[in-house]
Amino acid sequence: MASASLQFFAFILALFGVFGDITATLLPNWKVNADVGSSIITAITQMQGLWMDCTWYSTGMFSCTLKYSILSLPVYIQAARTTMVLSCILSAFGICITTVGMKCTKLGGDTDSKSHACFAGGVCFILAGIFGLVPTSWYTREIIANFLDQTVPESSKHEPGGAVYTGFISAGFLLIAGVIFCTSCFKKQQGAWIYHPKQHHFPATEQESNAGYNLKDYV
């Protein structure tokens, strides 16, 4: 019962991780630059994401431009696109597989099949967490390096946006969920690997006959 509850808790974490992963991939605020300007009326906020760049004006206007050209993008943005999409796909596969392998569901057949499905889903979550952690870390490093560069003008410097933090948290949720699923499956398999020596039981009649035969030898 405790293992089933732990798996359900890991499944909830994985759901939050999947939704956060998809949200971070689609959000345009991976890095943000706030330019107040000479007046509050002219204040704008520039946001850059993996797929589009957006500008928000203090007057309430909001405009976005899609990034159509892939080759013109920096390497870290191209890598972030690829790894985040892979993370979303793997985490979605993990949700489907662990739904079959969880103890609280009636899918997946016998115990061994559910255990293998649970382990496979945990591996998918771990890989999805790694694929989500790599681009967010690389993207944050590029933002910080650009911010600390003295040759870059102040208007071109950015700070990490909400999508980066969402990606970090989602990757952590997926990693924790994957570890829980894999360890719960390993514990079940470990019990099956313990060798119990066979005990030979002889019938009572055979023991009595052997005892009687031995007594006759001594008479």
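Values in this document were obtained by computation on a predicted structure and should not be read as measured data.

Observations regarding the confidence of the model for the protein chain
Here is step 1: In this model, the protein chain carries an average pLDDT of 81, and 78% of its residues clear a pLDDT of 70 or more.
Here is step 2: Ranking the elements of the protein chain by mean pLDDT puts helix H5 (residues 204-218) last, at 48, and helix H2 (residues 75-101) first, at 93.

Describing the side chain of Ser 87
Here is step 1: With respect to the secondary-structure elements, Ser 87 resides in helix H2.
Here is step 2: For Ser 87, a relative accessible area of 0% gives the class buried.
Here is step 3: Looking at Ser 87, its side chain comes within polar contact range of the main-chain oxygen of Ala 128, at 2.7 Å.
Here is step 4: With near-sequence residues (within four places) excluded, Ser 87 lies in contact with Asp 21, Ala 128, Phe 131, Gly 132 and Leu 174.

Some remarks on the packing of aromatic side chains
Here is step 1: Tallied over the entire structure, the rule returns four aromatic pairs.
Here is step 2: Here Phe 16 and Phe 173 contribute two aromatic rings whose centre-to-centre distance is 6.5 Å and whose plane-to-plane angle is 55°, an arrangement assigned as tilted. Taken together, the residues Phe 16 in helix H1 (residues 2-26) and Phe 173 in helix H4 (residues 162-193) connect sequence positions 157 residues apart.
Here is step 3: Classification of Phe 16 by relative accessible area gives exposed; the value is 52%.
Here is step 4: Phe 173 gets classed as partly exposed once you look at its relative accessible area, which sits at 28%.
Here is step 5: One residue, Lys 157, lies across the ring of Phe 147, its end atom 5.6 Å from the ring centre.

Comments concerning a nonpolar patch on the surface
Here is step 1: Taken together, the side chains of Phe 119, Val 123, Leu 127, Ile 130 and Val 134 present a nonpolar region at the surface, about 390 Å² in accessible area.
Here is step 2: Secondary-structure assignment places Ile 130 in helix H3 (residues 111-148).
Here is step 3: Overall, the relative accessible area of 42% leaves Ile 130 in the partly exposed class.

Comments concerning the packing of H2 against H3
Here is step 1: Relative orientation of the contacting elements H2 and H3 amounts to 160°, with a least axis distance of 7 Å. The angle between H2 and H3 falls in the class roughly antiparallel. Here H2 and H3 pass one another in a crossing that is left-handed.
Here is step 2: Residue classes in the contact of H2 with H3 are distributed as 22 nonpolar, nine polar and two charged.

What counts and what doesn't
- Residues numbered from 1 in each chain as written.
- Predicted model: local features only at pLDDT ≥ 70, side-chain atom pairs only at ≥ 80, totals over all residues.
- Heavy atoms only, no water.
- pLDDT = per-residue confidence, 0-100.
- Helix = DSSP H or I, 4+ residues; strand = E, 2+ residues; numbered from the N terminus.
- Buried < 20%, exposed > 50% of the residue type's maximum accessible area, 1.4 Å probe, protein only.
- Polar contact = N/O pair within 3.5 Å; in protein donor to acceptor, adjacent residues only side chain to side chain.
- Contact = heavy atoms within 4.5 Å.
- Phe/Tyr/Trp six-rings, centres within 6.5 Å; stacked < 30°, edge-to-face > 60°.
- Lys NZ or Arg CZ within 6 Å of the ring centre and 35° of its normal.
- Patch = residues over 30% accessible without salt bridge, like charges linked within 9 Å, V, L, I, M, F, W, Y side chains within 5 Å.
- Areas by Shrake-Rupley, 256 points an atom, 1.4 Å probe, with all protein chains shown as cover.
- Salt bridge = Lys/Arg side-chain N within 4 Å of Asp/Glu carboxyl O.
- Axes fitted to C-alpha atoms, helices over the stretch in contact; angles between N-to-C directions.
- Parallel < 35°, antiparallel > 145°, perpendicular 65-115°, else oblique.
- Left-handed = near helix turned anticlockwise from the far one by under 90°.
- Nonpolar A, V, L, I, M, F, W, Y, C, P; charged D, E, K, R; others polar.

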